[in-house]
Structures are given as C-alpha cells and as structure tokens.
Amino acid sequence: MKRHWILVMAGLLCLLVLLTACTSPAPTTPPVPTRPEAADDEESSAELDAAALLQKGGCGACHVIPGVPGAVGVIGPDLSKIGLTAAERIQDASYSGSAKTAADYLHESIVNPDVFLAPDCNGAPCQKGLMTPALAAQFSDAELNAVVAYLAGLKGETPPGGGAEATPVVEAGEAPQLTAEEFEQARQIFFDRCAGCHGVLRNGATGPALTPDKTLPKGTLALASIIFNGTPRGMPDWGKQGVLTAEQAELMAKYIQNEPPAPPEMSMEQMRGFWKVLVDPADRPSQPQHTRNWENFFAVTLRDAGQVAVIDGDTYEVVATVNTGYAVHISRMSATGRYVYTIGRDGKTALIDLWMNPPAVVAEVKTCYDARSVEVSKYNGPEGDFTDRYAIVGCYWPPHFVIVDGLTLEPLKVVSTRSYTYDTQEYHPEPRVASLVASHFSPKWVVNVKETGQIWLVDYTDVQNPAVKMLNAERFLHDGGWDASGRYFLVAANNANKIVVLDVQEEKVAAIVETSKIPHPGRGANWVDPQYGPVWSTSHLGEGALVVIGTDPVNHPEYAWKVVRTIPLPGAGSLFLKTHPNSDWIWVDHTLNPDEEIQRTVCVIAKANPVEPYQCWQVADYGRAVHFEYNMQGTQVWVSVWGRADDPGRTGEIVVYDDKTLEEIARIPNLVTPTGKFNVYNTVKDIY
Ligand code: DHE
C-alpha cells in the first residue's frame, strides 16, 4: 500500500509547475538563460504592458493573475500573491533552484520551470512537464523582465487597473484560420475525442465550455498545452498518451477558437433508411443452438475494433466477435437475457442473438450520429408484459431518444430532449441523454438528461404518445445504478460533485447527496456495511476517494442518503467499482490517473473492514486497468487491460481473478482494447 501512496503524491493529476504559463505542447528544454540585468533594459521594460504580455502568453488559461484579463485558470497555482510566495520559497529548505531573490525565482520559474516544482497546484501536487520553457522564447529580455517585475509586485492587493474579476471581458483576437482540410480533420478529432465531455456545440458538461468567447482569450499556445498535457481535473493528456501529436494538439487548439459547426439533424426517414433486419424474428431459433451456458456469457466491448466479443464465462473462449458500432460503448441485455443490445459512439445499435451458433447480429439501426446508452423494456406486471418489447436509444447528437422495436430495432418514435435547464430555466440546444435504465416497478424508463439536469420518466405503454414526467435533479447527469432493492436509482451529477437519488416508486427525487470530486460510479456497488447496513458506493474521477452512501431508509433511516464513509484510494481517475452479493470485496480501478502505475492498479476493499484498501496491485505492465464484471456465480472477477490497438501484443486482454483468494486464474489474451464487460445473468438481474 505504502508504495501506492508515494506514487499518488508523485503522480497525481496536477500538471503545472510553479509559475507555468501554458506554453507550446512539446516538452523540450532549451538552454537556460540567466536573468539579464535590469539596467540593460530598465527603460523599455517599464514601458511595456506586462498584463498584456501575460495575456498574450496564455498564462491566464492556467492561473489566476490579478490585472490580467481573463486570467482565472485553475490548473496552476493562483498567482495573486506570488510576489510574497516567491520571497518565502527561496528561504524554504525544500527549494531546489538557484535563485537568491524573489525576482530571480520568478525568472527561473519561467525559463527553467522544472528546476523546482511548487508543492500545491490547487489542492494537488504540481507536475513536471506541463510548463515548458518555450514560453521564455516568446519574450524578449525586456518583456521577460517586465513580466517578472509585474509578478513580483503581486502581493495579494488589487493591482492598478483592477483584479481579474474586475477586468472587463477579454478582448479576443481573430480566430486562427484553418484550411478546409485542417478544419475537417479537427472536426473529426473533436468528435472522436472531445465531444463526449465538452459537447458537440462545446457548451460544456463534464468538461468546460469551449466556445470562442472562452477559448480565444486563452490563445493557441495555452490551449495546445492543455490538450497535449491534460489537466488535474480530468482532461486527458492526449499528447503524452500518444493519441495526438504536438501538431494535432495545436490544430485542435486553433479549431476550438473557431465557431463550432452544427452537425446535421436526423429524421425518422433517415433512421429507417439505416435500419436492417438481418434475421427476421420468425427465422430465429426457438431454443439455444448450442449447449454452452449462455447466461454466463460476457459481452465485451472491443472499443477501437468497433466490435463486441462474446466470451464464454465457463471456458474463457471467445465464442463470437461481432461487428457493432464505431468505438462501441456499452451493452445491455434483453429482459430474458437472450439478446445483447450494443451501442456505438456513431449511434449505431446492434442486436446480437446469443442463442444462435455462433451468436450473431440479427438487426441494426442508426438513430443518431453520437450516442452512449441503450436499454430495453423490462416491466412485467398488471399493466402488461413488456419484456423485450421495446428498446430505447439515448443520443448525444442529435439530442433526443428513440424508441425502437425490441426484436427488430425498427425505429418507432423520436423524442427531442432540447429543453430548459432545471434551475435557471434557460434554453439548452444540446441536452444529451446520459444513462438509461428500465424500472421494474412500472412500464417506464429513467432517462437522465445531462445538460438540463432533469430526470425524465418515460412511460412506454403508448409509444407513439409517450407520457414524460420531468423531475428536477442536478447538472450534469452522467452514469448511475440501482440500489439493492431496485427502488432507488443513484445517478452522478458529476460536475456538481453530487449523487441524485431517484425514488422510482414514488417518482420523485428522494435526496441529493454531496460526494467527493467528480463521482463516476459506472453502476456503483451495493453491499451491507458492518456498521451502516445496506449501502451503495461510488469512486471518483477527481479525487482518490470511494464514497459510501446509506440506502436503507426503512431500517437505517439515520444513514439513508448520507455519506457514511469516505475510503481513501491510491489516486484519482477512477472510473468503475464493482461487487457481488456473494463477494467479500469491493473492487475499484484508477483508469484515468495520469501515473502509469496507478492507471494499471486495482484495489480491493474488504466489506468486513471498509476503512482502507485491503490490497492494491498492478494487473499488467502496460495499458490501463478498467472496469470489473463478475461471472454469474459471483466467484470470479474479470478486469480489462485496455491497451492500444496499434501496439501488437499489447492491444489488451482480460485478467480473471478468483474472488475469494484474489489469485489470478486466467488471461484472455489478444483482445483489441477491451473496456466494458457485461455478464448476461448479472446484467439482467442488475447485480452489482
Ligand atoms: Fe462511458 C457508461 C458516457 C467515456 C466505458 N458512459 C457510460 C454511461 C454514460 C457514459 C452516459 C452510462 C450509460 C448507461 O448506463 O446507460 N463515457 C461517457 C462519456 O460521455 C465519456 C465520458 C466520454 C466519451 O467521449 O465518450 C465516456 N466510457 C468512456 C470511456 O472512455 C470508457 C472508459 C471506454 C470506452 O468505452 O470508450 C467508457 N462507459 C464505459 C462503460 C460503461 C459506461 C464500460 C458502463 C459501465 C457499467 O458497468 O454499466
């Protein structure tokens, strides 16, 4: 354990060094100039507008700098008192640079930033590499001295001309021009990598808004640096990961300073044009055509292959690999478990029949250009048997959901989610559909509308005239799961650091619970805490913390909808956790932690003593460990190693563990970027 804590401290998310302005993306280290004597250029420095220079350098994208228009960045340290801090720091025993005065320290921080890393970048340790010395090359000696003098004068008082807040809106320059070819390339990269968090229209959600009024003042240098190096608040380091080159990071920086192009809408006629029934329901088998235990099959997302692997949970054999949508995201099972519904980021839904030998796609449809979720109708009760009758596809773009036939995927009804934010009641052009679940209490789906912060309860008894009950919740709704009773759905409002508790029986929001930074539960984990009774838990993207929430208002009302535990983890960047009623453990990953070792580390927490991880280990020496799923008996846990599609031998695999002993049992090798895994039995029964 100890080793992990050290890694956390060394490698946590923050990216800036002491005085970083965000600079060009490629981390090169030019020779370090010494600070020129003030006398050499005293006169010219004094005449320079240092605030304008800091703005030009893009420093405000990462720092709060009083007096510099738009300088309200939170990636690096707040520089409001840097004049005082610099003087103190050179006296500090931990200081490893060579400056003797505050001005020298500031100069050194710009020209040779990695010589000393500031201890605190807004609550996280500052990291080597983001602040590159290339900024210094942007300035003449006189300009550099003017900047240093300006910063040295920042001592917590409002500088002449006012603080950052007092400064009127930044004057933004012209957006950088792109050729048609560059624009198209950037548009595609944005769709593939950025739109999920920032929105197609770039109004922001999990990530901040990237409209030109926000991006132009930051400038190309600063934006490219953030794109290349990431941020402490969950922005991936696309350059460091090798996904984008320095040139592509710069291209994207330019692109996002231009107005976002509005993608096209999609009509029912177009959806019907995409719809294909490959095997008619009448021609499908009436019983399984193989003797395998199909209820223990796993549908495994092979993200970058655009495929789903159907893997036998008893034998670990890949039974079928079927083509699905682009960058396929999740799978859900039909109420009977026989069918798998998969959704690609391109909005393509594929229906896989597990009874066929081998399992195969029997229908497909595209109901949007960008999507993340799909669910079926599961209700069987006094109002009718709706099992497998319908499915619902939740779209990111166009912002709508589509009800399709459960057995053929024929698109039946499209409903726009464009609407008004729950609190300020402002019109939002792009409220995307995040998680979707089917209630067992009534013939309704729970549709979580991200940007408006509303939960819609959609009645599917009359699909052409669906009644929709809109509940005010919180922004920005993302992923979530049921409590053990199936009555409450707990969904993350990730940027609000909250979990919203929906009571599907009473059809109301039962509570909104404050958590740690950026909760990301996947579907969460239900277990019985030795002290607090039934609980549900989530890990977080923004903080190394697993938060435990009481879920039993009847027998443990004093703990219901309260955070009863916060269990520390080795680092932030967790995406998923999982358990099973038969298990002694809660498993948790750290997939998006910037530290390579922590990315590959999973931890287990003992339900009997849930105060800290019982054990943490790396599941592979490459890639990232992501997502867990149990076999149907709840005796084995599968963990994905998410490698790179272009790295032969290291594209990815699944590691299978014995859940009692935590020993590795098997590896299912050579899978192309496996991420989510969905066991048929557990997904049908909502076991997690
Ligand atoms: Fe997911 C669930 C959206 C990135 C793997 N992801 C979800 C859900 C949403 C969502 C709304 C809930 C679906 C539901 O329950 O109906 N995911 C998004 C994004 O918007 C985001 C942040 C950015 C993007 O551009 O897509 C994103 N997701 C990822 C990944 O990068 C992951 C790790 C790998 C991948 O597939 O690309 C990933 N998301 C998953 C998985 C689930 C999921 C495995 C289901 C977890 C479960 O156990 O149910």
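Please refer to the structure higher up on the page.
Note that the structure is predicted; figures quoted are calculated from it, not measured.

(A) Local environment of helix α11 (residues 246-255). What α11 keeps buried is the set Q248, A249, L251, M252, A253 and Y255. Here the buried face of α11 lies against α8 (180-198) and α10 (219-229).

(B) Broad picture of the site of the ligand. Around the ligand, 24 residues are found, and the nearest of them are R303, H329, R372, Y396 and R523. Contacts to the ligand include R523, whose side-chain N or O atom sits 2.6 Å from an oxygen atom. For the shell around the ligand, the elements supplying multiple residues, two or more each, are α8, β5 (330-333), β9 (370-376), β17 (433-438), β21 (477-482) and β37 (674-679). Across the shell around the ligand, the residue classes break down as 10 nonpolar, 8 polar and 6 charged.

(C) Looking closely at the side chain of E474. As for its position among the elements, E474 is in the loop between β20 (468-472) and β21. At a separation of 3.5 Å, a polar atom in the side chain of E474 contacts the side chain of K498. Each residue touching E474, except ones within four places of it in the same chain, is listed here: Y422, G453, A493, A496, K498 and V500.

(D) Seen up close, the coordination of the iron atom of the ligand. Among all protein atoms, only H329 (NE2) binds the iron atom of the ligand, sitting 2.2 Å from it. With respect to the secondary-structure elements, H329 resides in the loop between β4 (318-323) and β5.

(E) Main features of the sheet that holds strand β35 (residues 652-658). Taken in spatial order, the 4 strands of this open sheet run β33-β34-β35-β36, and their pairing is antiparallel. The sheet is open, and its two borders are formed by β33 (624-630) and β36 (664-668), each paired with just one other strand. Averaged over all neighbouring strand pairs, the angle between strand axes comes to 25°, with direction disregarded. Both β33 and strand β34 (residues 636-642) contribute to a ladder of 6 bridges, which runs antiparallel. Residue pairing for β34: Y630 is matched across the bridge by V637.

(F) Local environment of unusual backbone geometry. Residue P358 follows N357 across a cis peptide bond; omega there is -5°. Assignment of secondary structure puts P358 in the loop between β7 (348-353) and β8 (360-366). Cis rather than trans, the peptide bond between R475 and F476 has omega equal to -15°. Relative to the helices and strands, F476 is located in the loop between β20 and β21.

(G) Structural context of the side chain of K578. Of note, K578 is situated in strand β29 (residues 577-578). Taking relative accessible area as the criterion, K578 reaches 3% and is therefore assigned buried. What K578 contacts, discounting residues up to four positions off in sequence, is R523, A525, W585, I586, W587, H627, F628, E629, Y630 and Y688.

(H) Structural context of the sheet that holds β17. Pairing within the open sheet is antiparallel, and its 4 strands lie in the order β17-β18-β19-β20. Of all strands in the sheet, those with a lone pairing partner are β17 and β20, marking the two edges. Neighbouring strand axes in the sheet, compared pairwise and without regard to direction, differ in orientation by 20° on average. Alignment of strand β19 (residues 454-459) against β20, held across 5 bridges, turns out to be antiparallel. By the bridge assignment, W456 is partnered in β20 with M470.

(I) Examining the pattern of salt bridges more closely. A complete count under the given rule lists 28 salt bridges for this structure. Ionic pairing is found between D423 and R475, a salt bridge with its closest N-O pair at 2.6 Å. Highlighted residues: D423 in the loop between β15 (419-420) and β16 (427-428) and R475 in the loop between β20 and β21, separated in sequence by 52 residues. We note a salt bridge from R644 to D646, for which the minimum N-O separation is 3.1 Å. Residue R644 is classed as partly exposed on the basis of its relative accessible area, which comes to 36%.

(J) Examining the pairing of β19 more closely. Burial runs high along β19: 6 of the 6 residues are buried. Residues Q454, W456 and V458 line one face of β19 and the alternating positions I455, L457 and D459 line the opposite face, and both faces are buried.

(K) Spotlight on the environment of E558. Tracing the backbone through its elements, the reader meets E558 in the loop between β27 (545-550) and β28 (563-568). E558 sits in the partly exposed class, given a relative accessible area of 45%. The spatial distance from the C-alpha of E558 to the C-alpha of Y532 is 9.1 Å, given a sequence separation of 26 residues.

About the thresholds
For every chain, the first residue of the written sequence is number 1, and numbering continues from 1 onward in sequence order. Thresholds applied to this predicted model are a pLDDT of at least 70 for local features of residues and 80 or more for the giving and counting of side-chain atom pairs; totals over whole chains, interfaces and linings are not thresholded and use all residues. Note that water and hydrogens are dropped before the side-chain values are worked out from all heavy atoms of the structure. Burial status follows relative accessibility: with a 1.4 Å probe on protein chains alone, a residue under 20% of its type maximum counts as buried, one over 50% as exposed, and anything between as partly exposed. Secondary structure counts use DSSP, requiring at least four H or I residues in a row for a helix and at least two E residues in a row for a strand, with both numbered from the N terminus. Residue contacts are counted whenever heavy atoms from the two residues lie within 4.5 Å of one another. Residues are classed as near a molecule or strand on a simple rule: at least one heavy atom within 4 Å of it. Counted as a polar contact is a pair of N or O atoms within 3.5 Å, where, for protein atoms, one must be capable of donating a hydrogen and the other of accepting one, and residues adjacent in sequence contribute only when both atoms are in side chains. In this count, Pro and Cys sit with the nonpolar residues alongside Ala, Val, Leu, Ile, Met, Phe, Trp and Tyr, while Asp, Glu, Lys and Arg are called charged and the others, Gly among them, polar. Think of the donor list as every N, O and S atom within 2.8 Å of the metal, or within 3.2 Å for Na, K and Ca; water never makes the list, so a site can look incomplete. Pairing between two strands is assigned when DSSP locates at least 2 bridges connecting them. Between N-to-C directions, angles span 0 to 180 degrees; the directions come from axes that are lines fitted to C-alpha atoms, helices contributing only their stretch in contact. A pair is scored as a salt bridge if a Lys or Arg side-chain nitrogen falls within 4 Å of a carboxyl oxygen belonging to Asp or Glu.

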